[in-house]
Amino acid sequence: MIPINDALVLSAILFVIGAFGVFLRRNVITVFMCVELMLNAVNLSFVAFSRSLGTLDGQILVFFVMTVAAAEAAVGLAIIMALQRHKETLDVDSFNLMKW
Amino acid sequence: MPIDLVLFYVLGAVAIAASVAMIAQRNPIYSAFALIATLCALAAIYGLLGSPFIAVLQIVVYAGAIMVLFLFVLMLLSVRPEEGPSRSKSLKVAAGALVLVFAAQVTSVVTAAARGTGSATFDASTRQMALKLFSPEFTYTFLATAILILAALVGAVVLAKK
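Fair warning: this is a prediction, and the values are worked out from it, not measured in the lab. (Residues numbered from 1 in each chain as written. Chains lettered and ligands numbered in written order. Predicted model: local features only at pLDDT ≥ 70, side-chain atom pairs only at ≥ 80, totals over all residues. Heavy atoms only, no water.)

**Side note on the packing of helix α2 (residues 28–53) of chain A against helix α1 (residues 3–24) of chain B**
Closest axis-to-axis distance for the α2(A)/α1(B) pair is 10 Å, and the angle between their directions is 160 degrees. By the angle between their directions, the pair α2(A) and α1(B) is classed as roughly antiparallel. Here α2(A) and α1(B) pass one another in a crossing that is left-handed. The residues of α1(B) that touch α2(A), namely those facing A:Thr30, A:Met33, A:Cys34 and A:Leu37, are B:Ser19, B:Met22 and B:Ile23. Residues of the contact of α2(A) with α1(B), tallied by class, amount to five nonpolar, two polar and no charged. (Axes fitted to C-alpha atoms, helices over the stretch in contact; angles between N-to-C directions. Helix = DSSP H or I, 4+ residues; strand = E, 2+ residues; numbered from the N terminus. Parallel < 35°, antiparallel > 145°, perpendicular 65-115°, else oblique. Left-handed = near helix turned anticlockwise from the far one by under 90°. Contact = heavy atoms within 4.5 Å. Nonpolar A, V, L, I, M, F, W, Y, C, P; charged D, E, K, R; others polar.)

In structure tokens:
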């Protein structure tokens, strides 16, 4: 039997690595992948809590998070393709039109 | 030490190592492969936590569909490794400090929330999942995801069109 605590700590570590990657990397696709990693870390929390509480609601939430992640990846990558066409680069620092 | 516990720690170490490799890598293609390794390790961990349905979904949807989409776009745009200087040292230190504080906070909260190894009669088989998912409780949520997927499909086609 897996201690729920350890699964939750693993989830926190993965989330934090994802958050650090968002700060660290400059390629917009890598930043996007870091967001996916953070979503996965949260999914691990849901599964661990579902196991801990003995109900299936956490698992159903994981199902919905995965659906939203799939939709997000499709739309996000389409936006990235449009950005690449518009700016000829994928460096996040060059997308500063909305910056004051 | 029971075998499932050993497996859990090994897979957890693989997941952490692969995700560190992902953010340390300048070439996005290698990052994508490292993320696939993380996702597969997580799928095995879901299996160990007694959730076979989520484990298979993780492989099929995440490692399969989503990551293939990422690799497809990476190769379509012929992305090159990041060039030029990395982020400035002060920004890295600030990000690291922020992340450490966040890690301490999250760890203290989640470890206070759960103890032990969970209930022994936990049954997350595909049958139980389907009964729950198609119960009246989640009908409208399920229909909303269907509409969301359709909207994403149309949105992606419109955005990616020349």
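**Observations concerning the side chain of A:Thr30**
Position of A:Thr30 relative to the elements: it lies in helix α2. Among the residues examined, A:Thr30 registers a relative accessible area of 0% and is labelled buried. In contact with A:Thr30, not counting residues within four places along its chain, are A:Arg25, B:Met22, B:Pro28 and B:Ser31. (Buried < 20%, exposed > 50% of the residue type's maximum accessible area, 1.4 Å probe, protein only.)

**Points about the domain arrangement of chain B**
Accessible area lost during the coming together of the parts is what is often quoted as the interface size. Segmentation of chain B into domains returns domain 1 (1–81) and domain 2 (132–162). Distance from the C-alpha centre of domain 1 of chain B to the C-alpha centre of domain 2 of chain B: 25 Å. (Domains from an automatic or database assignment.)

**Observations regarding the environment of B:Phe138**
Structurally, the position occupied by B:Phe138 is in the loop between α5 (126–133) and α6 (139–160). Residue B:Phe138 is classed as buried on the basis of its relative accessible area, which comes to 13%. Ignoring any residue separated from it by four or fewer positions in sequence, one finds B:Phe138 in contact with A:Asp57, A:Ile60, A:Phe64, B:Lys132 and B:Leu133.

**Side note on the packing of helix α1 (residues 4–24) of chain A against helix α4 (residues 89–113) of chain B**
Where α1(A) contacts α4(B), the axes come no closer than 9 Å and their chain directions differ by 160 degrees. One finds that α1(A) runs roughly antiparallel with respect to α4(B). Crossing angle aside, the handedness with which α1(A) passes α4(B) is right-handed. In this structure, α1(A) contributes A:Asn5, A:Leu8, A:Val9, A:Ala12, A:Phe15, A:Val16, A:Ala19, A:Phe20, A:Phe23 and A:Leu24 to the contact, and α4(B) contributes B:Lys92, B:Ala95, B:Gly96, B:Leu98, B:Val99, B:Phe102, B:Ala103, B:Val106, B:Thr107, B:Val110 and B:Thr111. For the contact of α1(A) with α4(B), the per-class residue count stands at 16 nonpolar, four polar and one charged.

**Observations concerning α1(B)**
Counted at 1.5 Å a residue, the expected span for α1(B) with its 22 residues is 32 Å, and the 31 Å between its end C-alpha atoms agrees. Inspection of α1(B) places B:Asp4, B:Leu5, B:Phe8, B:Leu11, B:Gly12, B:Ala15, B:Ala18, B:Ser19, B:Met22 and B:Ile23 among the buried residues, and these make up the whole buried set. Looking down the long axis of α1(B), one finds its buried residues gathered within 155 degrees of arc, a one-sided arrangement. Set apart from the buried face of α1(B) by more than 90 degrees, the exposed residues are B:Ile3 and B:Ala24. Turning to α1(B), the residues buried within the fold contact α1 and α2 of chain A together with α2 (28–48) of chain B. (Expected span 1.5 Å × (residues − 1). Arc of directions from axis to C-beta.)

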